[in-house]
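The lines below spell out each chain.
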Amino acid sequence: MNTVARPESWPMPARQRFRSALVSTAGHCKIACGFCFRADRAHGFLDIATYTRALSRLKEAGVEAICLTGGEPTHHPELRQLVRLAHQFGILVSIVTSARDPDDVERLADVARLLTNVTVSADSAGAMELGRTTRSVASAIGTLEHVTTAERLLHLTYWKLTVDECQDVYERVDESGVQIQLSPVALDDTARQRAGCNFYDYLAQQRKDADLLGRYFQLTPRFQEHLTTLRTMQLYERWPSCASAALYVSASGEIRRCPYGKTGVSVRAPRAEISRFLHAEPRDRTTPECAAICRADDTCE
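J.: Account for a nonpolar patch on the surface, naming residues and giving values.
T.: Together, Tyr 200, Leu 235 and Tyr 236 make up an exposed nonpolar region whose accessible area comes to about 360 Å². Along the polypeptide, Tyr 200 turns up in helix 8 (residues 199-216). You can call Tyr 200 exposed: its relative accessible area is 60%.

J.: Pulling in residues and values, what's your account of the confidence of the model for the protein?
T.: In the predicted model, the protein carries a mean pLDDT of 85, and 85% of its residues have values of at least 70. Across the protein, helix 2 (residues 79-88) holds the top mean pLDDT of 98, while helix 11 (residues 288-291) sits lowest at 68. A low-confidence stretch, residues 1-15 (pLDDT under 50), is modelled with 41 contacts involving residues beyond four sequence positions or located in other chains.

J.: Residue-level account of helix 8, with values.
T.: The end-to-end C-alpha distance of helix 8 is 27 Å, a good match for the 26 Å that 18 residues give at a rise of 1.5 Å each. Those residues of helix 8 not exposed but buried are Tyr 202, Leu 203, Gln 205, Gln 206, Asp 209, Ala 210, Leu 212, Leu 213 and Tyr 216. The elements touched by buried residues of helix 8 are strand 5 (151-158), helix 6 (163-176), strand 6 (179-184), helix 7 (189-195) and helix 9 (221-236). The opening residue of helix 8 is Asn 198, an N-cap whose side-chain oxygen sits 3.1 Å from the backbone nitrogen of Tyr 200.

J.: Can you break down the packing of helix 5 (residues 137-144) against helix 6 residue by residue, with the values?
T.: Running from amino to carboxyl end, helix 5 crosses helix 6 at an angle of 10°, the nearest separation of the two axes being 11 Å. Viewed along their axes, helix 5 and helix 6 adopt a mutual orientation that is roughly parallel. In this structure, helix 5 uses Val 137, Ala 138 and Ile 141 to contact helix 6, whose residues at the interface are Val 169, Arg 172, Val 173 and Ser 176. Considered class by class, the residues forming the contact of helix 5 with helix 6 number 5 nonpolar, 1 polar and 1 charged.

J.: Pulling in residues and values, what's your account of a negative patch on the surface?
T.: A surface patch of like charges, here negative, comprises Glu 145, Glu 171, Asp 174 and Glu 175. Here Glu 145 is to be found in the loop between helix 5 and strand 5. On the basis of relative accessibility, which here comes to 59%, the residue Glu 145 falls in the exposed class.

J.: Give a detailed account of the environment of Leu 154, specifying residues and quantitative values.
T.: With respect to the helices and strands, the residue Leu 154 is situated in strand 5. When residues no more than four places from it in sequence are discounted, the contact partners of Leu 154 are Val 120, Ala 122, Val 137, Ala 140, Leu 144, Val 173, Val 178, Gln 179, Ile 180 and Gln 181.

J.: Please provide a residue-by-residue account of the packing of aromatic side chains, values included.
T.: The way to describe two aromatic rings as a pair is by their centre distance and the angle between their planes. Applying the stated criterion across every chain yields a total of 3 aromatic pairs. Between Trp 159 and Tyr 202, the ring centres sit 5.9 Å apart and the planes meet at 40°, which makes this aromatic pair tilted. Residue Trp 159 is found in the loop between strand 5 and helix 6, and its partner Tyr 202 is found in helix 8; the two are separated by 43 residues along the sequence. Of the two residues, Trp 159 and Tyr 202, both sit in the buried class.

J.: Let's hear about the sheet that holds strand 3 (residues 92-97): which residues, and what values?
T.: Pairing is mixed across the open sheet formed by 9 strands, whose spatial order is 6-5-4-3-2-1-7-8-9. In this open sheet, the two edge strands, each paired with only one partner strand, are strand 6 and strand 9 (265-266). Pairing analysis gives 5 bridges linking strand 1 (residues 20-24) to strand 2 (residues 65-69), with the strands arranged parallel. By the bridge assignment for strand 2, Leu 22 is matched with Cys 67.

J.: Describe the nonpolar core, listing the residues and the values that go with them.
T.: Membership of the largest hydrophobic core comes to 61 residues, with the highest contact counts inside it found for Tyr 51, Ile 66, Leu 68, Leu 154 and Ile 255. Non-local contacts of Leu 68, meaning those with residues more than four positions away in its chain, are made with Val 23, Thr 25, Tyr 51, Pro 73, Leu 79, Leu 82, Val 83, Val 93, Ser 94, Ile 95 and Val 96. Ala 127, Trp 159, Leu 187 and Ala 191 belong to the second largest nonpolar core, which has 9 residues in total.

J.: Residue-level account of helix 1 (residues 48-60), with values.
T.: Given a rise of 1.5 Å per residue, 13 residues ought to cover 18 Å, and the 18 Å separating the end C-alpha atoms of helix 1 matches this to within 8%. Of all the positions in helix 1, only Ile 48, Thr 50, Tyr 51, Ala 54, Leu 55, Ser 56, Arg 57 and Leu 58 are classed as buried. Turning to helix 1, the residues buried within the fold contact strand 1, strand 2, helix 2, strand 7 (246-249), strand 8 (254-256) and helix 10 (271-279). Backbone nitrogen of Ala 49 and a side-chain oxygen of the N-cap are separated by 3.2 Å at the start of helix 1; the cap is Asp 47. Looking one or two places after helix 1, you find Gly 62, whose phi comes out positive at around 100°.

Conventions and cut-offs
- Positions within a chain are numbered from 1, following the residues in the order the chain's sequence is written.
- Local features in a predicted model are, by the rule used here, given only for residues with pLDDT of at least 70; side-chain atom pairs are given and counted only at 80 or more, and totals for whole chains, interfaces and linings are based on all residues.
- The basis for every side-chain value is the complete set of non-hydrogen atoms in the structure, without hydrogens or water.
- The residues that make up patches have over 30% relative accessible area and no salt bridge, and they are joined within 9 Å when like-charged or within 5 Å when they are Val, Leu, Ile, Met, Phe, Trp or Tyr.
- Areas reported as accessible are Shrake-Rupley estimates using a 1.4 Å probe. Residue values count occlusion only from the protein chains shown.
- Whenever a carboxyl oxygen of Asp or Glu lies within 4 Å of a side-chain nitrogen of Lys or Arg, that contact is scored as a salt bridge.
- Only DSSP runs of H or I with at least four residues qualify as helices, and only runs of E with at least two residues qualify as strands; both kinds are numbered from the N terminus onward.
- The classification of residues rests on relative accessible area computed with a 1.4 Å probe and restricted to protein chains. Under 20% of the type maximum is buried, over 50% is exposed, and intermediate values are partly exposed.
- Per-residue confidence from the predictor is reported as pLDDT, which spans 0 to 100.
- Should any heavy atoms of two residues lie within 4.5 Å, those residues are counted as being in contact.
- By this rule the span expected of a helix is its residue count minus one, scaled by 1.5 Å.
- Between N or O atoms, a polar contact is any pair within 3.5 Å; within protein, one atom must be a potential hydrogen donor and the other a potential acceptor, and residues adjacent in sequence are included only when both atoms are from side chains.
- Lines are fitted to the C-alpha atoms to define the axes, a helix being fitted only along its stretch in contact, and any angle between axes, read from their N-to-C directions, falls within 0 to 180 degrees.
- Should an angle fall under 35 degrees it is called roughly parallel, over 145 degrees roughly antiparallel, and 65 to 115 degrees roughly perpendicular, with every other angle called oblique.
- Residues are sorted three ways: Asp, Glu, Lys and Arg are charged, Ala, Val, Leu, Ile, Met, Phe, Trp, Tyr, Cys and Pro are nonpolar, and all the rest, Gly among them, are polar.
- Only four residue types enter the charge count, namely Lys and Arg as positive and Asp and Glu as negative; His and the chain termini do not.
- Taken as the charge location is NZ of Lys, CZ of Arg, CG of Asp or CD of Glu.
- Pairing of aromatic side chains requires ring centres within 6.5 Å, counting the rings of Phe and Tyr and the six-membered ring of Trp. Pairs whose planes differ by under 30 degrees are stacked, by over 60 edge-to-face, and all others tilted.
- Should DSSP find at least two bridges between two strands, the strands are regarded as paired.
- The nonpolar core is taken to be a set of buried Ala, Val, Leu, Ile, Met, Phe, Trp, Tyr and Cys residues, with the residues joined through side-chain atoms within 4.5 Å.

Here it is as structure tokens:
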């Protein structure tokens, strides 16, 4: 049986506590997926001085684990240093990557033993066509075969699945022993127009894909609830206040509650200002894009 084991959810007291954070290693990404909702788009990599200050402030806020994310972490010229610095602060490190190029895979393998887990992104055939990517499941598992961490995860972004493809994904995952996470493609109005489908066709395709996946993977109630929440948000535009338990640090050094948040504070700000931001009531509203990040902890079992 295929399972997903992700960090457990921590109980939140009256004053919100943050135990993890996403850290963007670059303001750009060479992968450039056509359906990407990247929050930050700028040139350059996260510099070590900014990163070190961010780690210090995150540690003071109670953060115990970070995930290095896009751009593409393996493109960062000082990837090993990013991991080692986090360890010096007593912070666990994981990575989300699209690494396929042999040099990128080698850099990932070089730090793998220092990571709690590695997640490699992949797209279904329909998602690859839609987003003009080449991140196949087969190539993702090929990358994971070079990774020595105890926890290896395949994250599949899906769209227009077929029976044959679901069967193939199931067999590859089962044979490789990796865990799997699932996410439907999220399309805004412009992207839906490019894809040639209207709003209701888009929702119908999402439901069809989920039903097909349910034949091969035992979707957890939390993931099914996640899909229902996304559908409700899209149909009725019911966007609740942000309730993220994970912080986000941009490559420019801004701490936000979510990559898509409109409010944030610089890691260079005084401690009192950062504390006020973290303890204040969130001003941002949850959108379908950021809801796809603040997803259920597990998707199938």
